[in-house]
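Working through the structure, step by step
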Amino acid sequence: MASELKTRINDELKTAMRAKEKARVAVLRLIMAEFKRIEVDERIELDDARVLAVLDKMLKQRRDSIAQYEQAGRTELAEQEQSESVIIQEFLPQPLSSAELDEIVDKAIAQTGANEMRDMGKIMGLVKPQVQGRADMAEVSKRIKASLG
């Protein structure tokens, strides 16, 4: 089954090309190239869940780069990464609020009956599909540890 999200990104790429939006075209091409690379390497067609995972990973890479560039005083590079982040975020679902994230974590803990740190994997297994692209996994991990600890 083809990904609706992937199709939407491809359509946005065509629109950006017609509008001669060079920066937007570059980022959208980067996204499409990553999709293509995964499809060729793994001989699969990406579904929406996997597309979200790829976009989430690309966004995390941008955030890490922004932090590194800012530490190094390279503001122009940090701004470039920030503008790419904005375009990538357009295709991700609305981020979860703190309360929504806590609720998902609490439900997963209750569902798994987890009460120790060694149960973290079970909890993450339930939480990750629900928050993919909508929350930073490092933040999710912190909240689970806080709930168990």
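Rules used throughout
Residues numbered from 1 in each chain as written. Predicted model: local features only at pLDDT ≥ 70, side-chain atom pairs only at ≥ 80, totals over all residues. Heavy atoms only, no water. Helix = DSSP H or I, 4+ residues; strand = E, 2+ residues; numbered from the N terminus. Expected span 1.5 Å × (residues − 1). Buried < 20%, exposed > 50% of the residue type's maximum accessible area, 1.4 Å probe, protein only. Arc of directions from axis to C-beta. Contact = heavy atoms within 4.5 Å. Salt bridge = Lys/Arg side-chain N within 4 Å of Asp/Glu carboxyl O. Core = buried A, V, L, I, M, F, W, Y, C linked by side-chain atoms within 4.5 Å.

**Things to note about helix H5 (residues 98-112)**
With 15 residues, H5 extends 21 Å from end C-alpha to end C-alpha; this agrees with the ideal 21 Å at 1.5 Å per step. Looking at H5, one finds that the buried residues are Leu101, Ile104, Val105, Ala108 and Ile109. Down the axis of H5, the sector holding all buried residues measures 130°, keeping them to one side. Away from its buried face by more than 90 degrees, H5 exposes Ala99, Lys107, Ala110 and Gln111. Residues of H5 that are buried sit in contact with helix H6 (120-131) and helix H7 (137-148). One or two residues past the end of H5 sits Gly113, with phi positive at roughly 70°.

**Concerning the environment of Asp56**
With respect to the helices, strands and loops of the structure, Asp56 is situated in helix H3 (residues 48-71). As a C-alpha pair, Asp56 and Gly113 span 57 residues in sequence and 29 Å in three-dimensional space. With near-sequence residues (within four places) excluded, Asp56 lies in contact with Leu92, Gln132, Gly133 and Ala135.

**Digging into the pattern of salt bridges**
Side chains that carry opposite charge are capable of pairing whenever their charged atoms lie near each other. Per the stated rule, a full pass over the model turns up 16 salt bridges. Close ionic contact of Glu39 with Lys6 constitutes a salt bridge, the shortest N to O distance being 2.6 Å. Here Glu39 is found in helix H2 (residues 22-42), whereas its partner Lys6 is found in helix H1 (residues 4-18), with 33 residues between them in sequence. Judged by its relative accessible area of 17%, Lys6 is buried.

**Here we look at the nonpolar core**
The nonpolar side chains of a soluble globular protein tend to be buried with one another. Core analysis: the largest hydrophobic core is formed by 22 residues, its most contacted members being Ile9, Leu28, Ile31, Phe35 and Leu55. Secondary-structure elements contributing two or more residues to this core are H1, H2, H3 and helix H4 (75-89). It is H2 that contributes the most residues to this core, 7 residues altogether. When near neighbours in sequence (up to four residues on either side) are disregarded, Ile9 contacts Leu28, Ile31, Met32, Phe35, Leu55 and Phe91. Grouped together as the second largest cluster of nonpolar side chains are 16 residues, Leu101, Ile104, Val131 and Leu148 included.

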